[in-house]
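# Chains, contacts and geometry: an overview
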Amino acid sequence: MKLKPLQRALRSLRAPSLVCAGLCVELVGQAAVAQSLPDPNDQPQLTAEPPVRVPTTAQCDEVVLMNKFDGFYLPNPADPDDRGGVRIGEHKAGACPGPWSKVVLHVDVSAREGINFDRVFEIYLGNAPLLSSSTSEPVGDDTNVHWQLQTDVSEFANLLKSDQSITGILNNAHFDGYFGIYYVKMTLSYYAADASNPAIDAPDYIGVLYPKDAQGLPTNYEYSGYGGFDFRSANKFVSFEVADLPKNLASLHADLRAQGHGPNEEFWWSGGKRQIEIFIDGVLAGFAPLYPVLFTGANGPANWMPIPSPRAWHLDPYRVDLTPFIGTLVDGRPHTFELHIPDAVIEDGDYWMVGGTLFGHTDPVLLQTSGALTTVPSAGNAVSESGSVSVTASRAAQWAGTVETSNGRVQTAVDNRFEITQTSVAGLANNSQWDWVTVSKTTPALGEPTTRTEARQYSMRGTLGVAGVVPSALTLGDAASTVVEGPAPYTARSSLQMTTSGAGLAANIAQVEIYCGSDSTGWNYNRMITASGGFVTSDQQDLNNCPEPEAVVTPSPAPAPVPTPAPAPSPAPAPAPTPSPAPSPASPSPAPTVVPSATLDGRYGGAMPASLALLCLPLAALSRRRQRRGMRERS
């Protein structure tokens, strides 16, 4: 997309912003640190998300990688041992013998020894992506930040039965005062199976979509010496050939990954929509609306400390069911998979990181299954869209197919639809919502059907300044529900809603994050974290009820009014039983406007005239954001 006039004007401020940034840093550096504040040089990061639920069976831990990421994103050609931003560990199959009921990846990260940027961080098991993430970042030369994250990797259990490499890619940047180092420790925790906790029913087949050379290695080496298996593309689509699909597939789904980067595509949500499509042999096989990803440098890193921007630590994939296509994929021939970002507006420096992982279960008896694709969307299936500043878009499609298995014919029907309502004014005021519902209904030859319905809702409300120049007052919601209905009396339900709000100037940010989750087993997890000036002020866990967000203080000047679009239409009924819709994220109380006093006290512990602070802090953030964009464009 083209830069708006206001954005172009702000970008022209680079030189004065550097001068003002230097003045601000000098004033802050001369101020004494208040004794009542926590240590400003040690800032743990955390979110309200719950830890992965694990059984109480015996636990075995395996440290698979422990290293520091201090290299540049390009290897030093003069040093054959320099691998740039890549570190490789190993998993040993004999370290923790199975069978396992769950496997969890734990990642401990600390950023020390100087300022650095928010970096994309990827972890692979062999050539399969275990986690797509990004980093928090320190905002001062003497500031250390550290955090822990974890993710359930049980579906990779069959790969873990053999020795595998563990690869971390964190392409760093070291120059012009940016010399921070990321220290990383990765641990796999295995939980034994027993009568109450059965062994993992993991996919038998895992295939990765990436362009390969004759030796089967990724061809995108030029970006980091080892670019990983998420392909970087300056185009709107990439194509992959897959030649290792089993002939006896019984089910198949894909996890699709997409991240926009560059001066425009990183911020596509400020004035447009994006979706990802997958095609198999030229036939549309699935799609998903893309949700905003705010990296922790968005509008200045202080906006996301200590609570990171939503999705920054977990760049979750979009899962689509490809089972209707099995009849066309089990012929033993290579097949072409394409990933499209059809709405992308690629300008200088813009690109998308895209990739996909295929997960398949095979028939335990047959050496080859068969089947047919019986229903496909019309060739003209596309987004229905209207509006410019206020955009309403929707899309719906259905697929059906049969698979001949050792238990007879299995019929699968997939219904996929989304609704998007976006309002954005000059990239400043945003009132947007993304709804995605996907339903898979499987009917065996004998017995009753099983229907899985997943509904996801993502929302963005408030004012987000351009490159930190305008104070932010932003609330993001992430709600989801999953319902699995099968032969009576089987049913399973789970839901979550997460609300993250923040507002403030770079030295005095106020944040609140709420996570509320429950499922049909009786599990409940309600937690609320509040923070101010970069430090946690309260952390309430094990709450009986889902709390309402507290008011978030908004500094003067007040944000521009947010236009309110017409309500998004409800998704059309799916052909399978539809559960209750995903819970709407909790709505925050109206944020009061507070005029700063004569001084602005923040986590630096210093004080300066409010008029100077209001001018300097946003411009300093603008300068850093410009540099950060350039780093991610080239990383």
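Please read these numbers as outputs of a predicted model, since none were measured by experiment.

## Quick look at the overall build of the protein
The helix and strand inventory of the protein stands at 4 helices and 31 strands. Taking all 635 residues of the protein together, 55% fall into the buried category. A separation threshold of at least 6 residues defines the contact pool for the protein, and within that pool the share at least 24 residues apart is 75%.

## Notes on the sheet that holds strand β17 (residues 335–340)
Strand order in this open sheet of 4 strands is β12-β17-β14-β15, and the pairing throughout is antiparallel. Pairing within the sheet leaves two strands with one partner each, and these edge strands are β12 (237–242) and β15 (283–289). On average, each strand axis in the sheet is inclined to that of its neighbour by 20 degrees, with strand direction left out of account. Two elements, strand β14 (residues 275–280) and β15, share 6 bridges in a ladder whose sense is antiparallel. Pairing of Ile 278 across the sheet is with Gly 286, part of β15.

## Structural notes on the sheet that holds strand β9 (residues 181–192)
Whenever strands of a sheet pair, they do so through backbone hydrogen bonds, lying parallel or antiparallel. Reading across from one edge, β1-β7-β4-β9-β2 is the order of the 5 strands in this open sheet, with mixed pairing throughout. Of all the strands in the sheet, the pair left with one neighbour each is β1 (42–44) and β2 (59–69). With direction set aside, neighbouring strand axes in the sheet form an average angle of 15 degrees. Here β1 pairs with strand β7 (residues 144–152) via 3 bridges, running parallel. Each residue of the ladder has a partner; that of Gln 43, found in β7, is Val 145.

## Points about the pattern of salt bridges
Overall, the coordinates contain 17 salt bridges when judged by the stated rule. Close ionic contact of Glu 155 with Arg 319 constitutes a salt bridge, the shortest N to O distance being 3.2 Å. A residue pair is termed long-range when its members are at least 10 positions apart, and Glu 155 in the loop between β7 and β8 (164–170) and Arg 319 in strand β16 (residues 318–321) qualify at 164 residues. What makes Glu 155 partly exposed here is its relative accessible area of 24%. Between Asp 415 and Arg 417 there is a salt bridge, with its nearest N and O atoms 2.8 Å apart.

## Points about the pairing of β9
Extensive coverage of β9 is indicated by the burial of 9 of its 12 residues. Relative to β9, β2 runs antiparallel, the two being bridged by 10 bridges. Looking across to β9, one finds that Lys 68 is bridged to Tyr 183. Examined bridge by bridge, strand β4 (residues 100–112) and β9 share 12 bridges and lie antiparallel to one another. What sits directly across from Ser 110, in β9, is Tyr 183.

## Re the state of the cysteines
Considering all chains together, one arrives at 2 disulfides under this definition. One disulfide bridge connects Cys 60 with Cys 96, the sulfur atoms lying 2.0 Å from each other. Taking the torsion about the S-S bond as the criterion, the Cys 60 to Cys 96 disulfide, at about -70 degrees, is left-handed. Remark: Cys 96 occurs in the loop between β3 (86–91) and β4 and Cys 60 occurs in strand β2; sequence separation between them is 36 residues. The exposure class of Cys 60 is partly exposed, given its relative accessible area of 27%. The side chain of Cys 516 participates in a disulfide bridge whose partner is Cys 546; the two sulfur atoms lie 2.1 Å from each other. Where Cys 516 bonds to Cys 546 through sulfur, the torsion about that S-S bond is close to 90 degrees, and the disulfide is right-handed. Remark: Cys 546 occurs in the loop between β29 (535–540) and β30 (554–555) and Cys 516 occurs in strand β27 (residues 510–519); sequence separation between them is 30 residues. For Cys 516, a relative accessible area of 7% gives the class buried.

## Let's talk about the packing of aromatic side chains
One pass over the full model with this rule turns up 14 aromatic pairs. Judged by centre distance (6.3 Å) and plane angle (65 degrees), the rings of Trp 434 and Tyr 458 are edge-to-face. Residue Trp 434 is found in strand β23 (residues 429–443), and its partner Tyr 458 is found in strand β24 (residues 450–463); the two are separated by 24 residues along the sequence. The pair formed by Trp 434 and Tyr 458 is uniform in burial state, with each residue classed as buried.

## Focus on the nonpolar core
Within the largest apolar cluster, 54 residues are counted, with the highest numbers of intra-cluster contacts made by Ile 278, Leu 322, Phe 337 and Leu 358. Per-element tally for this core: the top contributor is strand β13 (residues 249–261), with 5 residues. Ignoring sequence-local partners within four residues, the contact set of Ile 278 consists of Ala 254, Leu 256, Val 283, Leu 284, Ala 285, Gly 286, Val 320, Leu 322, Phe 337, Glu 338 and Leu 339.

## What to know about the confidence of the model for the protein
Within the protein, residue pLDDT values average 76, and 71% of them lie at 70 or more. Per-residue pLDDT stays below 50 along residues 1–36; that stretch engages in 52 contacts with residues further than four places along the chain or on separate chains. Low confidence marks residues 221–227, where pLDDT is under 50. Its contacts with residues over four positions away, or in another chain, come to 18 contacts.

## Digging into the side chain of Ser 133
With respect to the helices and strands, Ser 133 occurs in strand β6 (residues 128–134). Among the polar contacts made by the side chain of Ser 133, one reaches the main-chain carbonyl oxygen of Trp 313 at a distance of 2.8 Å. Apart from the residues lying within four places of it in its own chain, the contact partners of Ser 133 are Arg 119, Val 120, Phe 121, Leu 149, Ala 312, Trp 313 and Leu 315.

Rules used throughout
- Residues numbered from 1 in each chain as written.
- Predicted model: local features only at pLDDT ≥ 70, side-chain atom pairs only at ≥ 80, totals over all residues.
- Heavy atoms only, no water.
- Helix = DSSP H or I, 4+ residues; strand = E, 2+ residues; numbered from the N terminus.
- Buried < 20%, exposed > 50% of the residue type's maximum accessible area, 1.4 Å probe, protein only.
- Contact = heavy atoms within 4.5 Å.
- Pairing = 2+ DSSP bridges.
- Axes fitted to C-alpha atoms, helices over the stretch in contact; angles between N-to-C directions.
- Salt bridge = Lys/Arg side-chain N within 4 Å of Asp/Glu carboxyl O.
- Disulfide = S-S within 2.5 Å.
- Phe/Tyr/Trp six-rings, centres within 6.5 Å; stacked < 30°, edge-to-face > 60°.
- Core = buried A, V, L, I, M, F, W, Y, C linked by side-chain atoms within 4.5 Å.
- pLDDT = per-residue confidence, 0-100.
- Polar contact = N/O pair within 3.5 Å; in protein donor to acceptor, adjacent residues only side chain to side chain.

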